[in-house]
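Descriptive structure summary
The chain contents come next:
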Amino acid sequence: MQSAERSVSAVIPAQGIRAGRVPVLRHLGLVEYTSTYQAMRRFTDSRGTKTPDELWVLEHPPVYTVGIAGRAEHFPRSGEVPVERIDRGGQITYHGPGQAIVYVLVDLARRGLTVRAMVTLLEQAVIEVLGAHGVEAGRRNGAPGVYVDGAKIAALGLRVRRGCCYHGVALNVNMDLAPFSAIDPCGYPGLAVTQTRAHGVLAEAEEMGHELARRIARLIEDK
């Protein structure tokens, strides 16, 4: 499996955003989780005050990731899908092919964004992209993410170091949802999950990830 640093297939400007503040959009394709996680941490540790923000659009092979609040009672009881403990907020979730992921490597301090504002921005980007495809989505009090008819369609989590965030948002597009049934998604027993294909959206993960990244870039620029 290629590393994140070697698998960048394209660097695409976010059109309509003022020069100098444009987040760089990198399309990485299908990349292994651990190397991508390590790359995010290295990028954040090495960036300077003038380093452009980046949005990484990608998919992962099957993997469970567990945030710093993760508790063992929510983990899968058995199975072959690896479990990775990481440093984002939140508990356990699942990533797999057919899920559009956008990692947001953003200097929050430079843009005047709080963590809460960034979470709200990511949720809003998902809601707007789904709305453009005719899917009505919304938030849920006390449970970050985006929901359609009570089922979770997008999960998110961030880590902030030195005023900069990484990790991001994962939108279920056209994937095998069965691995979610082996866990308590985001720490909620019995939480229903859904995906865009179940709501009549024919676009695949790569296209939806690109749309979502462009929407995030525009919302960041508006701040």
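So, here is what we can say about the structure in this document. Owing to the predicted nature of the structure, the values given are computational and were not obtained by experimental measurement.

Quick notes on the pattern of salt bridges
Scanning all chains against the criterion turns up 10 salt bridges. With its nearest N and O atoms 3.1 Å apart, the salt bridge here joins Arg161 to Asp45. Residue Arg161 is located in strand β9 (residues 151–161), and its partner Asp45 is located in helix α1 (residues 33–46); the two are separated by 116 residues in the primary sequence. Residue class for Asp45 comes out partly exposed when judged on its relative accessible area of 41%. In this structure, Glu204 and Arg197 form a salt bridge, with 2.9 Å as the shortest nitrogen-oxygen distance. Classification of Glu204 by relative accessible area gives partly exposed; the value is 41%. Several salt bridges converge on common partners, so that one network encompasses Arg47, Asp53, Arg110 and Arg111.

Observations regarding the sheet that holds strand β6 (residues 92–95)
Pairing is mixed across the open sheet formed by three strands, whose spatial order is β5-β4-β6. A single partner strand is all that each edge strand has here, and the edge strands are β5 (83–85) and β6. Averaged over all pairs of adjacent strands, the angle between strand axes in this sheet comes to 25°, irrespective of strand direction. In the sheet, strand β4 (residues 63–66) pairs with β6 via four bridges, with the strands oriented antiparallel. Opposite Thr65, over in β6, you have Thr93 as the bridge partner.

A look at the side chain of Arg47
With respect to the element layout, Arg47 can be found in the loop between α1 and β3 (54–59). Once residues within four sequence positions are removed from consideration, Arg47 is found in contact with Pro52, Asp53, Leu105, Val106, Asp107, Arg110, Arg162 and Cys164.

Here's the deal with the pairing of β3
The element β3 is extensively covered by neighbouring structure, given that six of its six residues are classed as buried. Side-chain alternation along β3 places Glu54, Trp56 and Leu58 on one buried face and Leu55, Val57 and Glu59 on a second face that is also buried. In the sheet, strand β2 (residues 24–30) pairs with β3 via six bridges, with the strands oriented parallel. If you follow Gly29 over to β3, its bridge partner there is Leu58. Considered for its hand, the β-α-β crossover made up of β2, α1 and β3 is right-handed.

A closer look at helix α4 (residues 205–222)
One turn of the α-helix equals 3.6 residues, which is why residues spaced by three or four share an orientation. Here α4 contains 18 residues, and its C-alpha end-to-end distance of 26 Å stays within 8% of the 26 Å for a straight helix at 1.5 Å per residue. Listed in full, the buried residues belonging to α4 are Ala205, Met208, Gly209, Leu212, Ala213, Arg214, Ile216, Ala217, Leu219, Ile220 and Glu221. Looking at the packing, one finds that the buried side of α4 touches β2, β3, β7 (99–107), α2 (108–111), α3 (115–132) and β10 (164–172).

Brief notes about the environment of Leu219
On the secondary structure map, Leu219 appears in helix α4. C-alpha separation for the pair Leu219 and Leu122, spaced 97 residues apart in sequence, amounts to 8.7 Å. Beyond its immediate stretch of four places on either side in the chain, Leu219 contacts Leu121, Gln124, Ala125 and Glu128.

Criteria and cut-off values
Residues numbered from 1 in each chain as written. Predicted model: local features only at pLDDT ≥ 70, side-chain atom pairs only at ≥ 80, totals over all residues. Heavy atoms only, no water. Salt bridge = Lys/Arg side-chain N within 4 Å of Asp/Glu carboxyl O. Helix = DSSP H or I, 4+ residues; strand = E, 2+ residues; numbered from the N terminus. Buried < 20%, exposed > 50% of the residue type's maximum accessible area, 1.4 Å probe, protein only. Pairing = 2+ DSSP bridges. Axes fitted to C-alpha atoms, helices over the stretch in contact; angles between N-to-C directions. Contact = heavy atoms within 4.5 Å. Right-handed = clockwise from strand over helix to strand, strands pointing away. Expected span 1.5 Å × (residues − 1).

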